[in-house]
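Examining the three-dimensional arrangement
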Amino acid sequence: MKQATATLGHLLLAQPLSAYAICNPQSGVFIDRIRITAPCLHRPLGNQAEWRDADTGLISHAAGGIQQALEEGHADVYVQSKQVSRELGARAILIDCCPPKVLQGNNVFGHAVLQDYVYEILDRVTRVLGIAVRSEDRAMWRAGNVHLTQIHLTANFTCPRDLIVPIIDAVDFSNRSGKQRILPTWMTLGLTPKGRSTYHCVTLYDKLAEMGEKPHPPTINHHRLWAEAGKGFRVEIKLYSQGLKSLSKSLGGIDLESVANWARVDVPALFFHVFDKYEIVHAVQPVPTTAQIGLLKLKELCAFANWLLGRSVKDQFSNRGTAGRYVKVILEKTGVNIGVDRQAEVQPSVDLGKLFSPESVRPVPDWAVGTRCYSPPSVSSATNAEVDADE
């Protein structure tokens, strides 16, 4: 397919029809939050400030953020004018929001096409706020020339409701530090002594419990949404600026801070790549058989026995390489990962490896397609780009 060229020579990538853009119906992994800065010349929004540097005498300008819903009953959007000057006004706009909540009124599910979400949000925000967008700015939005500083990738895994809290309990016991548990049905990993990580964190929670009571009187779609939320275990991967930079290196140099480059990203694969770092699937350990225990050499058996008694591998071995070798060998022989903290309490009978697998991710339900409950990726920008290229 040909690519059209926009103003200033930027390519109009037909991103909604890219290799990974159509994966959402199969994967179910979707984008739940974005924080972007896009080119947009406009009159500054909100309260404005001006100050002079005491040393240089240079005058700087800034504008405060505003927060409002674009449509009644839908989530708020945080908007702030950036790159503000007295002469030109604001040259960029920052937006922080949950695209599914803004566009479809719920975030029980969504899609994984970042560029589509970004363009749709920018278009709606500027229309509601009465900002006349220049053609060159709009062309850059379509091309994906937008800076990304935060994105949340989310999946709902099919799970019996009575296992959600026990699984979170198991994960809680398996992580001595770097965690926050404010509710029985909610937990975050990836915290540091100074606060949340600047790279990424993961939140596990019961989406149905978060949603609370249905609106009154509920509609048929309300019943459907609440029923769908009750079938899944929610996992949310939150990627921040440093994490995007770090992951860019592991993806062969793809700059994840540029929205356009997400057309080359397998979003579900990226989700599981980060999810695996937390070793959540080992929070519930299998009980090894006598035959498996018999495979362990004496030193391996001692390390395993000490772990059963609550002594971590880090406490047993000062050398990380040695510790890693014991973890690997014992895992291969027994199926038990002694690299995570042992939970002495009774654990739920569930295979977390299967529960948190790509096959268990819930896709967008059939009933939602074609309704206001689901805002699918648009193919209009791709079609327009192809038409323009042929002209």
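Not measured: the values here are computed from a predicted model.

For the rest of this paragraph, the subject is the overall build of the protein chain. Along the backbone of the protein chain there are 15 helices and 15 strands. In the protein chain, buried positions account for 48% of the 391 residues. For the protein chain, long-range pairs separated by at least 24 residues make up 69% of all intrachain contacts whose partners lie at least 6 apart in sequence.

The nine strands are arranged S6-S7-S8-S3-S9-S15-S14-S11-S10 in an open sheet whose pairing can be described as antiparallel. Only two strands of the sheet have a single neighbouring strand rather than two, namely strand S6 (66-69) and strand S10 (179-183). Geometrically, the sheet is characterised by an average inter-axis angle of 20° between neighbouring strands, direction not taken into account. Pairing of strand S3 (residues 30-42) with strand S8 (residues 89-97) involves seven bridges; the strand directions are antiparallel. Residue pairing in the sheet places Ile-34 in a bridge with Cys-97 of S8.

By the definition in use, this model includes 16 salt bridges. The salt bridge partner of Asp-32 is Arg-234, with a shortest N-O separation of 3.9 Å. Of the two residues, Asp-32 sits in strand S3 while Arg-234 sits in strand S15 (residues 232-239), which places them 202 residues apart along the sequence. Just as Asp-32 is buried, Arg-234 falls in that class too. We note a salt bridge from Glu-120 to Arg-124, for which the minimum N-O separation is 3.0 Å. On the criterion of helical spacing, the pair formed by Glu-120 and Arg-124 is a turn pair, its members being four residues apart in helix H3 (residues 114-128). It is possible to trace a salt-bridge network through shared partners that takes in Asp-169, Asp-172, Lys-179 and Arg-181.

Let us look at the pairing of S8. Judged by how many residues are buried, S8 sits mostly within the fold: eight of nine residues are covered. For strand S7 (residues 76-85) and S8, the ladder comprises seven bridges, and the chain directions are antiparallel. Pairing of Ser-81 across the sheet is with Ile-93, part of S8. Hairpin connection of S7 to S8: three residues between the antiparallel strands.

Considering every residue of the protein chain, the mean pLDDT works out to 85; 84% of them sit at 70 or more. Counting interchain partners and residues more than four positions distant, the pLDDT-below-50 stretch residues 1-26 has 64 contacts. Contacts of residues 380-391 to residues separated by more than four positions or lying in other chains number 14 contacts, the stretch itself having pLDDT below 50.

The next point concerns helix H13 (residues 320-334). Over its 15 residues, H13 runs 21 Å from end to end, which matches the ideal 21 Å to within 8%, given 1.5 Å per residue. On its buried face, H13 sits against helix H10 (290-294), helix H11 (298-308) and helix H12 (313-316). The N-terminus of H13 is capped by Asn-319, whose side-chain oxygen sits 2.8 Å from the backbone nitrogen of Gly-321.

Within the largest apolar cluster, 71 residues are counted, with the highest numbers of intra-cluster contacts made by Ile-95, Ile-151, Leu-153, Ile-167, Trp-262, Phe-271 and Phe-356. It is H3 that contributes the most residues to this core, seven residues altogether. Not counting the four nearest positions on each side in its chain, Phe-356 is found in contact with Phe-157, Ile-167, Phe-233, Val-235, Phe-272, Phe-275, Ile-280 and Val-281. Core analysis: the next-biggest nonpolar cluster, separate from the first, contains 12 residues, Leu-296, Phe-317, Ile-330 and Val-336 among them.

For helix H7 (residues 220-229), the set of buried residues is Leu-225, Trp-226, Glu-228 and Ala-229. Along the axis of H7, the buried positions cluster into a sector of 160°, meaning they face one direction only. On the buried face of H7, the contacting elements are helix H6 (207-211) and S15.

Burial analysis of strand S14 (residues 200-205) places six of its six residues in the buried class, which makes it a mostly covered element. Every second residue of S14 is oriented toward a common face, with His-200, Val-202 and Leu-204 on one face and Cys-201, Thr-203 and Tyr-205 on the other, all of them buried. Pairing between strand S11 (residues 186-189) and S14: four bridges, direction antiparallel. Paired with Leu-189 across the strands is Val-202, a residue of S14. The sheet contact formed by S14 and S15 spans six bridges and is antiparallel. Bridging across to S15, Thr-203 finds its partner in Glu-236.

Summed over the entire model, instances satisfying the criterion amount to 14 aromatic pairs. Where Phe-157 meets Phe-271, the ring centres are 6.3 Å apart and the plane angle is 35°; that geometry is what we call tilted. Highlighted residues: Phe-157 in strand S9 (residues 147-158) and Phe-271 in helix H9 (residues 267-276), separated in sequence by 114 residues. Both residues of the pair, Phe-157 and Phe-271, belong to the buried class. These aromatic residues form a ring-pair network of at least three members: Phe-157, Phe-233, Phe-271, Phe-272, Phe-275 and Phe-356.

What follows deals with the packing of H11 against H13. To describe two helices that pack against each other, one gives the angle between their axes and the distance between the axes. It is the contact of H11 with H13, at a shortest axis distance of 10 Å, that shows an interaxial angle of 90°. Taken together, the axis directions place H11 and H13 in an arrangement best described as roughly perpendicular. Residues Lys-299, Glu-300, Ala-303 and Phe-304 of H11 pack against Tyr-326, Val-329, Ile-330 and Lys-333 of H13. For the contact of H11 with H13, the residue count by class is five nonpolar, no polar and three charged.

Cut-offs applied
- Residues numbered from 1 in each chain as written.
- Predicted model: local features only at pLDDT ≥ 70, side-chain atom pairs only at ≥ 80, totals over all residues.
- Heavy atoms only, no water.
- Helix = DSSP H or I, 4+ residues; strand = E, 2+ residues; numbered from the N terminus.
- Buried < 20%, exposed > 50% of the residue type's maximum accessible area, 1.4 Å probe, protein only.
- Contact = heavy atoms within 4.5 Å.
- Pairing = 2+ DSSP bridges.
- Axes fitted to C-alpha atoms, helices over the stretch in contact; angles between N-to-C directions.
- Salt bridge = Lys/Arg side-chain N within 4 Å of Asp/Glu carboxyl O.
- pLDDT = per-residue confidence, 0-100.
- Expected span 1.5 Å × (residues − 1).
- Polar contact = N/O pair within 3.5 Å; in protein donor to acceptor, adjacent residues only side chain to side chain.
- Core = buried A, V, L, I, M, F, W, Y, C linked by side-chain atoms within 4.5 Å.
- Arc of directions from axis to C-beta.
- Phe/Tyr/Trp six-rings, centres within 6.5 Å; stacked < 30°, edge-to-face > 60°.
- Parallel < 35°, antiparallel > 145°, perpendicular 65-115°, else oblique.
- Nonpolar A, V, L, I, M, F, W, Y, C, P; charged D, E, K, R; others polar.

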